[in-house]
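Chain by chain, the residues run as shown.
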Amino acid sequence: TGKPMLLDFTGYGCVNCRKMEAFVLANDSVKARIQNYVFVELYVDDRLDKDADGESEGNENSRLQREQFGSNAQPFFVQLDAQGKPVAEPMAFTTDPNEFINWVKY
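Let me sum up the structure you'll find in this document. Note that the structure is predicted; figures quoted are calculated from it, not measured. (Residues numbered from 1 in each chain as written. Predicted model: local features only at pLDDT ≥ 70, side-chain atom pairs only at ≥ 80, totals over all residues. Heavy atoms only, no water.)

Within the span of helix H1 (residues 15-25), buried status applies to Cys17, Met20, Val24 and Leu25. Relative to the axis of H1, the buried residues are bounded by an arc of 70° and lie together on one face. Residues of H1 that are exposed and point over 90 degrees away from its buried face: Val15 and Ala22. If you follow the buried residues of H1, they end up packed against strand S1 (5-10), helix H2 (28-34), strand S2 (38-43), strand S3 (76-80) and helix H4 (97-103). (Buried < 20%, exposed > 50% of the residue type's maximum accessible area, 1.4 Å probe, protein only. Helix = DSSP H or I, 4+ residues; strand = E, 2+ residues; numbered from the N terminus. Arc of directions from axis to C-beta. Contact = heavy atoms within 4.5 Å.)

As structure tokens, then:
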């Protein structure tokens, strides 16, 4: 699409992820700001979808987060430019919509 991506490493069992969704991602100003991105939720605890080698999508997402971004905590947000390169330090948990808006680059 030529748009930057916003990766959201999340989990079904992540209480702080639900808090951030309620206090930050549901905020109208945040919604307007992240419309510039392709928003991708990567569930690290999805155990149902297994690929040909038997690995779940959640395991793959968790490995991606650990190996590419050096973190294993959720929520964890990463901004990538249209070529897939990080454009800012990742962001973890916050309940402050303004903090998140100030972090967003595009």
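With that settled, consider helix H3 (residues 57-69). A turn of α-helix holds 3.6 residues, and therefore any two residues three or four places apart point the same way. Taking 1.5 Å of rise per residue, the 13 residues of H3 would be expected to cover 18 Å, and the 17 Å separating its terminal C-alpha atoms lies within 8% of that figure. Taken residue by residue, H3 has Gly58, Asn61, Ser62 and Gln65 as its buried positions. Angular distribution of buried residues about the axis of H3 spans 100°; they occupy a single face of the element. Those residues of H3 that are exposed and angled more than 90 degrees off the buried face are Glu67 and Gln68. (Expected span 1.5 Å × (residues − 1).)

Note that Gln65 resides in helix H3. Beyond its immediate sequence surroundings of up to four residues, Gln65 is in contact with Phe9, Val44, Gly70, Ser71, Asn72, Ala73, Gln74 and Phe76.

What follows covers the environment of Asn36. Its place among the elements puts Asn36 in the loop between H2 and S2. When its relative accessible area of 37% is taken as the criterion, Asn36 is described as partly exposed. For the pair formed by Asn36 and Glu99, sequence separation is 63 residues and the distance between their alpha carbons is 18 Å. Not counting the four nearest positions on each side in its chain, Asn36 is found in contact with Lys3, Pro4 and Tyr106. A distance of 3.3 Å separates the side chain of Asn36 from the backbone oxygen of Tyr106, its partner in a polar contact. (Polar contact = N/O pair within 3.5 Å; in protein donor to acceptor, adjacent residues only side chain to side chain.)

Once that is clear, we can look at the packing of aromatic side chains. Enumeration over the complete set of coordinates arrives at 6 aromatic pairs. On the basis of an interplanar angle of 20° and a centroid distance of 4.2 Å, the ring pair of Tyr12 and Tyr43 is categorised as stacked. You can see Tyr12 sitting in the loop between S1 and H1 and its partner Tyr43 sitting in strand S2, a full 31 residues away along the chain. When the ring of Phe100 is compared with that of Trp103, the centres are 5.3 Å apart and the planes differ by 50°; the resulting orientation is tilted. Of the two residues, Phe100 and Trp103 both sit in helix H4, 3 residues apart, roughly one turn of that helix. Residues Phe100 and Trp103 agree in their burial class; the two are buried. Grouped by ring-pair contacts, the aromatic residues Phe9, Phe69 and Phe76 constitute a single cluster. (Phe/Tyr/Trp six-rings, centres within 6.5 Å; stacked < 30°, edge-to-face > 60°.)

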